[in-house]
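Survey of secondary and tertiary structure
Spelled out, the chains give:
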Amino acid sequence: MSLTQIYLGLGSNVERESRLCAGLDALAGFLTDMRCSAVFESQPVGIKSGPFFNLVVSAYTDLPLLELDRRLKFIEADNGRYAPNRKGLPLDIDVLLYGDLVGNFDGLILPRAEILKNAFVLWPLSMMAPDRMHPEAGKTMAELWRDAQIDQVLAPVGFEWQGRQLTPQELSCKSRACSRKT
């Protein structure tokens, strides 16, 4: 079976470090050539809660799209996402891009709209895949980030996973916050 390149968005606002690490550990168990972006702290969008840690993961998979999404839901559930008494959002994992697929796949819409709406998705995605074309916008991720009119503040944060520092020191020191205003 051939491999498909995917991009996933991960976020957590409850036990942020441990939940993201647990999610990354689970993903590493079935994805190939997994790479992680820098981690950013952002204010919540669309819900009332504490701040989030967000990152983007690039990887390859041999799973069909809907099977991949099903596994992501299991990882979220294992981390308390669907617990009846949960507070906040322990772990959220979204398929942002699956190869070059465009459309509605049993309610899963690709490319994910959040790419163009949320700085905490677009900035790390543009850093990981600056030359990747957005399948609908007709611009590269770097061009989309450069032209973005998104009113959100992000702060790169130091984050370690499996002994690797995900946020480069120069990014943490150079830019503690980035604001894109409309």
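In what follows, the structure referred to is the one given above.
Remember, it's a predicted structure, so these values are computed and weren't measured experimentally. (Residues numbered from 1 in each chain as written. Predicted model: local features only at pLDDT ≥ 70, side-chain atom pairs only at ≥ 80, totals over all residues. Heavy atoms only, no water.)

Some details on the pairing of strand E8 (residues 152-157)
A regular strand places its side chains so that they alternate between the two faces of the sheet. Under the convention used in this document: Only protein chains enter the accessibility calculation, which uses a 1.4 Å probe; a residue whose area is less than 20% of its type maximum is buried, one above 50% is exposed, and one in between is partly exposed. Only DSSP runs of H or I reaching four residues or more are called helices, and only runs of E reaching two or more are called strands; each is numbered from the N terminus. In this scheme, strands are said to pair when DSSP sees at least two bridges between them.
In terms of burial, E8 is largely enclosed, as five of its six residues are buried. Sheet topology note: the strand E3 (residues 39-42)/E8 ladder contains four bridges and is antiparallel. When the bridges of E8 are listed, Val39 appears paired with Val157.

Details of the environment of Asp69
To keep it simple, the criterion reads: Any two residues having at least one pair of non-hydrogen atoms within 4.5 Å are treated as being in contact.
Relative to the helices and strands, Asp69 is located in helix H2 (residues 65-78). For Asp69, a relative accessible area of 16% gives the class buried. Distance from Asp69 to Ile93, taken between C-alpha atoms, is 8.9 Å for residues 24 residues apart in sequence. Beyond its immediate chain neighbours, meaning those up to four positions away, Asp69 contacts Val95 and Leu108.

Section: the pattern of salt bridges
To be explicit about the condition: Each reported salt bridge corresponds to a side-chain nitrogen of Lys or Arg within 4 Å of a carboxyl oxygen of Asp or Glu.
Across all of its chains, the model carries eleven salt bridges by this definition. Across the salt bridge formed by Arg16 and Glu41, the nearest N and O atoms sit 2.7 Å from each other. Of the two residues, Arg16 is situated in helix H1 (residues 16-28) and Glu41 in strand E3; the sequence distance between them amounts to 25 residues. The exposure class of Glu41 is partly exposed, given its relative accessible area of 24%.

Observations concerning the packing of aromatic side chains
For the record, the criterion: Only centres within 6.5 Å qualify two rings of Phe, Tyr or Trp (six-membered ring in Trp) as a pair; their planes then separate them into stacked at under 30 degrees, edge-to-face at over 60, and tilted for everything else. Any Lys NZ or Arg CZ found within 6 Å of a ring centre and within 35 degrees of that ring's normal is scored as a charge over the ring.
As enumerated under the stated definition, the model contains three aromatic pairs in all. Judged by centre distance (5.4 Å) and plane angle (5°), the rings of Trp123 and Trp145 are stacked. Taken together, the residues Trp123 in helix H4 (residues 119-128) and Trp145 in helix H5 (residues 141-147) connect sequence positions 22 residues apart. Judged on exposure class, the residue Trp123 and its partner Trp145 are both buried. Here the aromatic residues Phe40, Trp123 and Trp145 are joined through ring pairs into a cluster of three or more. The ring of Phe30 carries the charged tip of Arg71 above its face, separated from the ring centre by 5.1 Å.

Overview of the side chain of Arg16
Where we set the bar: Polar contact is the term for a pair of N or O atoms within 3.5 Å; when the atoms are in protein, one must be able to donate a hydrogen and the other to accept it, and sequence-neighboring residues count only if both atoms are side-chain atoms.
Residue classification places Arg16 among the buried residues on the basis of a relative accessible area of 18%. A polar contact of 2.7 Å, which involves the side chain of Arg16, links it to the side chain of Glu41.

Focus on H4
In an α-helix, one full turn covers 3.6 residues, which means residues spaced three or four apart are oriented alike. Among the ten residues in H4, nine count as buried, and that is most of the element. Among all positions in H4, only Ala119, Phe120, Val121, Leu122, Trp123, Pro124, Leu125, Ser126 and Met128 are buried.

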